[in-house]
Amino acid sequence: MWVTITQYIFVNVLLFSSWYIYLFTKRASISFIDRLIGSCVLGLAQIIATELVLGLIFRMLYAGPLFWLNVFMSSTLLAFTLWSNNSSTSTMGNVFSELNEKVCGFYRTMRSDTLLVVLFILLAIKTCWIVFIGYLFPSYTWDSLYYHLPIVGNIMQSGAILENPDNFQIDTFINIFPKNMELFFLWNVIFLKSSSITDLSQLLFIIIGILTTYSIAVKLHIGAKSALFSSFLIFFTPVVILQINTNYIDIAVSVLLLTAVNFLLYESLSIDNSSLPVEGHNRKYPLFLAGVAAGILLGSKGSGPLFTIIIVSALIVQEIIKHRKQIYPRDPGEKGNFMRSSMIPYTLYFILPLIVLGSYWYIKNWVLYGNPVYPMEVSVFNITIFKGLYKKMLDPLPSLIENSSYFIRLFHVWTEKTEFYLYDSRLSGLGPLWFILLLPSLVFALLRSIRNKEYNWLFVSILLIVTFAVHPRNWTTRYTIFMVALGAISYGSVMDFFGKKGRITSIIALVLAAYTFLTVNSLCVMPAKIREFMDLPAKERTIARHKPFNIDIHARQEYGYWMWISNYIREGETLAYTFEPLFLAPLWNDGFSSKTVYAGPFNNHDWLRKLKDRNVTYVLLRTHSEEDIWIEKKSRALTGIVEESGRQQVEFQMVFSDDNYKIVKLVKAEKS
Amino acid sequence: MTEEQKKDYLYLLFIITVIILAVLYFTVPERSMIIENQMQWWKEFKETFLGFLS
């Protein structure tokens, strides 16, 4: 076990630190915080890219090749960085002295404000608690078990990123979903041979989110203390706290959007060079990092194209404003080459990483299904561009807001008329901080930026507000977490504007953060269950023992065979299932080292041969199903033969049964 | 009106808005249910924690 943990820690430290050291050499163009964010984004991009190469081209996406490929890439990058900067010792020395200086600066800023210290302590306690719960409990959320983790399982069992047969509706969605984020989930399983921390994957993104919010705030001339205070506030969003330890991807999507916007701000700020957070400006580095973040975002969720179109449109408008003199010269001297100075670097440094990291999933869908966003139909002005199975989103609107107008819907959701918070909160989730403090701050800061013609403020605000406005499900709070960041930045601006007299708003913010801290305990993880799980060995801390209320009513009849699978199915063994299960994820063992295969539809002529061809070890079936009756008959006949001939082996050996399900082991019988 | 006075009025307006929104948010009937559920959670936490310590 310690070998796998060491391997996991080593590859992560090498990967992220090599990118950080590389970016350190670009410190004249990128600020310290942005280099931290950049190394996370580039590290993530490397993880996704190496998994795509191994999974798609070489079809050997296993722990060994993935480890060595990343070690090779990161070592090469590190060697190249240190070699190209004559003195490697002084580079490393500078890296550490800068880190030391920044940590001391952070400590000084924190010490200067008690409220900031209290807010940070609340954040740190909650983070520790989330990590503890994430480690102790298996992934228990609906979509994680339904498709996020089965995607990981499918890739791990084949060592390749393949299309699966469309046996059930969920298989279609598993095939067509963009999978960048699932590749990151896989990264957190494959070395450890356990899924115990994969549900903490989004923790990285909330850290990036806090850093990004701070970085945007500082670029918009908000003081360091206010920027720090406001960036901590985004953590105190109920849907964020509840989603950090789930295999959902909504925090990641919002944070990647904010990250892209943060790096694009260098372009916006370069209009007015005095606002840049660095001495020099080499547009290619921040532009490239924005492209990488947007590329990961594009390949992470079906809404990626919408976000990408908005980011690209904003960039084009910005470029036109910047180069308006070259496009529409008043005198011949102003005429320049717009294509060379703007469009080529823009295409090279932004669009290229965007396409490389995000477009594969859509191109594949286009080739295989004739529609990049299959199964959704795409039509403009009643003209169908891409045919699909569905014209609308599959989830119907909740009846409570079905007949409400646009703004009433938002008001309903933001006032949170629900009895509890949930990780996928549909009608709540942004919390009191957003509605009471950040929303009026946003209005205030927006009006002020219009009045004072603060274009950088307007660039960030308009981009995020337009993204929010055109999102077809903007009343689903988990899809619009980025708005909380915009509200937090606005609040930072309000704090600065009111100065000392604004202290009372900081107290209000702290009280609301503390309220959120106290009221977002997941009802899926009750204290008695935590106590019970603390006494259990890791192997027994399964979803079937957890019985979380969010799935319990649907899943209680499945617990028996889930528990049997997690207890007995070993690495390399294959479980065949004969019906559409409630969730696919529990059909694998904890480390996804076993295999699953659908063994249907039943055919009594060659069903057994199919099972043998697929090296099936166990068959999961419904009691009294066709397969069950057939096996019963066959076993009885075989038992007769066995008794007559005195042989020991039978073909099917029942290893689990309850009222609803059976698992039989396939044992090779000797030919008579 | 001086800039400082304008700032005072804006500050007052901001605080009044925050208070109104706070009243709107916390007087929603479901708020008491969230608090009740969470109090239940903390009560169970306290019992479990004390049990753990002993």
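Every value quoted in this text rests on a predicted model; they were computed, and no experiment measured them.

Peer 1: Looking at this model, I keep getting lost on the overall build of chain A. Mind explaining?
Peer 2: Per the secondary structure count, chain A includes 29 helices and seven strands. For 672 residues, the compact-globule estimate of 2.2 N^0.38 gives 26 Å, and chain A sits close to it at 27 Å. If one aligns the C-alpha atoms of chain A with their principal axes, the spans along those axes are about 100 × 60 × 50 Å. Burial analysis of chain A (672 residues in total) assigns 58% to the buried set. For chain A, the proportion of contacts with a sequence separation of at least 24, taken over those separated by at least 6, is 71%. For chain A, the exposed surface amounts to about 28700 Å²; the carbon and sulfur share of it is 62%. Of the side-chain charges in chain A, 58 are positive and 47 negative, and the distance between the mean point of each set is 7 Å.

Peer 1: Which parts of the structure should I look at to understand the overall build of chain B?
Peer 2: Within chain B, the regular secondary structure consists of two helices and zero strands. In terms of overall size, chain B is more extended than a compact globule, its C-alpha atoms giving a radius of gyration of 21 Å where 54 residues would be expected to give roughly 10 Å. Projected onto its principal axes, the C-alpha coordinates of chain B cover approximately 65 × 30 × 5 Å. The burial tally for chain B puts 24% of its 54 residues in the buried class. Side chains of chain B carry 5 positive and 7 negative charges; the gap between the two charge centres is 2 Å.

Peer 1: Teacher, can you tell me more about the interface of chain A and chain B here?
Peer 2: Many analyses report the size of an interface as the accessible area lost when the parts associate. Between chain A and chain B, the residue contacts involve 41 residues of the former and 28 residues of the latter. Across the chain A to chain B interface the summed buried area is about 3200 Å²; carbon plus sulfur atoms make up 73%. Considering only the side of chain A, the residues that lose the most area to chain B are I436, K501 and P527 of chain A, jointly responsible for 18% of the buried surface there. Where chain A touches chain B, the interface holds two salt bridges. The shortest N-O distance in the salt bridge between K501 of chain A and D8 of chain B comes to 3.2 Å. In this assembly, chain A and chain B are joined by 14 residue pairs in polar contact (both at pLDDT 80 or more). No other element matches helix α20 (residues 431–451) of chain A, which puts eight residues into the side of chain A that touches chain B.

Peer 1: What is the right way to read the packing of helix α22 (residues 482–498) of chain A against helix α1 (residues 3–26) of chain B from this model?
Peer 2: Describing two packed helices takes the angle between their axes plus the distance from one axis to the other. Close contact between α22 of chain A and α1 of chain B brings their axes to 11 Å; oriented N to C, the two are set at 140°. Judged on the interaxial angle alone, α1 of chain B and α22 of chain A are oblique. Note that α22 of chain A runs across α1 of chain B; the crossing there is left-handed. Seen from α22 of chain A, the contacting residues are V494, F497 and F498 of chain A; seen from α1 of chain B, they are K7, L10, Y11 and F14 of chain B.

Peer 1: What is the right way to look at the packing of aromatic side chains in this model?
Peer 2: Each aromatic ring pair is specified by the distance between its two centres and by the angle formed by the two planes. Applying the stated rule across the entire model yields 56 aromatic pairs over all chains. Between Y515 of chain A and F26 of chain B the ring centres are 5.2 Å apart and the planes differ by 85°, which places this aromatic pair in the edge-to-face class. With Y515 of chain A in helix α23 (residues 503–519) and F26 of chain B in helix α1, this residue pair bridges two chains. Residue classification places Y515 of chain A among the buried residues on the basis of a relative accessible area of 14%. Measuring from ring centre to ring centre gives 6.2 Å for W630 of chain A and F652 of chain A, while their planes differ by 75°; the resulting arrangement is edge-to-face. With a gap of 22 residues between them, W630 of chain A in helix α29 (residues 626–645) and F652 of chain A in strand β6 (residues 652–657) connect regions that are remote in the sequence. F652 of chain A shares its class with W630 of chain A; the two are buried. Lying over the aromatic face of F517 of chain A, K126 of chain A brings its terminal NZ or CZ to 4.9 Å of the ring centre.

Peer 1: Would you explain the nonpolar core in this entry?
Peer 2: All names here are of chain A. Among the nonpolar cores identified, the biggest contains 216 residues, and F205, I296, F350 and Y561 are the most heavily contacted of them. Residue contributions to this core peak at 13 residues, all from helix α12 (residues 250–269). Contact partners of I296, with chain neighbours within four places excluded, come to V41, L44, A45, I48, N180, M181, L256 and L357. Membership of the second largest hydrophobic core comes to 15 residues, among which are F602, V619, L621 and F652.

Peer 1: Explain a nonpolar patch on the surface here, please?
Peer 2: On the surface, a cluster of nonpolar side chains totalling about 720 Å² of accessible area is made up of F411 of chain A together with M1, Y9, L12, I16, I20 and L24 of chain B. Within the secondary structure, L24 of chain B sits in helix α1. Given the relative accessible area of 35%, L24 of chain B is considered partly exposed.

Peer 1: When you look at the environment of A576 of chain A in this model, what are you seeing that I'm missing?
Peer 2: All names here are of chain A. Its place among the elements puts A576 in strand β3 (residues 574–577). A residue is classified by how much of its surface remains accessible, and A576, at 0% relative accessible area, is buried. On a C-alpha basis, the gap between A576 and Y479 in space is 36 Å, while along the polypeptide they are 97 residues apart. In contact with A576, other than residues within four places in its own chain, are V597, A599, L611, V616, Y618, V619 and L620.

Peer 1: Even after reading the chapter, I still don't get the environment of L211 of chain A, so can you show me in this structure?
Peer 2: With respect to the element layout, L211 of chain A can be found in helix α9 (residues 203–219). Among residues more than four places away in sequence, those in contact with L211 of chain A are I33, L36 and I37 of chain A.

Peer 1: What exactly am I supposed to notice about the sheet that holds strand β5 (residues 618–622) of chain A here?
Peer 2: Sheet strands associate in pairs through backbone hydrogen bonding, adopting either a parallel or an antiparallel arrangement. Residues and elements named next belong to chain A. Spatially, five strands are ordered β4-β3-β5-β7-β6 in an open sheet, and the strand pairing comes out mixed. Two strands bound the open sheet, and with one partner strand each, they are β4 (595–598) and β6. Between one strand and the next, the sheet's axes are offset by a mean angle of 25°, whatever the strand orientation.

The rules behind the values
- Residues numbered from 1 in each chain as written.
- Chains lettered and ligands numbered in written order.
- Predicted model: local features only at pLDDT ≥ 70, side-chain atom pairs only at ≥ 80, totals over all residues.
- Heavy atoms only, no water.
- Helix = DSSP H or I, 4+ residues; strand = E, 2+ residues; numbered from the N terminus.
- Rg over C-alpha atoms; globule rule 2.2 N^0.38 Å.
- Buried < 20%, exposed > 50% of the residue type's maximum accessible area, 1.4 Å probe, protein only.
- Contact = heavy atoms within 4.5 Å.
- Areas by Shrake-Rupley, 256 points an atom, 1.4 Å probe, with all protein chains shown as cover.
- Lys, Arg positive; Asp, Glu negative; His and termini not counted.
- Charge placed at Lys NZ, Arg CZ, Asp CG, Glu CD.
- Buried area = accessible area lost by both parts, 1.4 Å probe.
- Salt bridge = Lys/Arg side-chain N within 4 Å of Asp/Glu carboxyl O.
- Polar contact = N/O pair within 3.5 Å; in protein donor to acceptor, adjacent residues only side chain to side chain.
- Axes fitted to C-alpha atoms, helices over the stretch in contact; angles between N-to-C directions.
- Parallel < 35°, antiparallel > 145°, perpendicular 65-115°, else oblique.
- Left-handed = near helix turned anticlockwise from the far one by under 90°.
- Phe/Tyr/Trp six-rings, centres within 6.5 Å; stacked < 30°, edge-to-face > 60°.
- Lys NZ or Arg CZ within 6 Å of the ring centre and 35° of its normal.
- Core = buried A, V, L, I, M, F, W, Y, C linked by side-chain atoms within 4.5 Å.
- Patch = residues over 30% accessible without salt bridge, like charges linked within 9 Å, V, L, I, M, F, W, Y side chains within 5 Å.
- Pairing = 2+ DSSP bridges.

Note that every value here comes from positions in space, so none of it alone points to a role or purpose.
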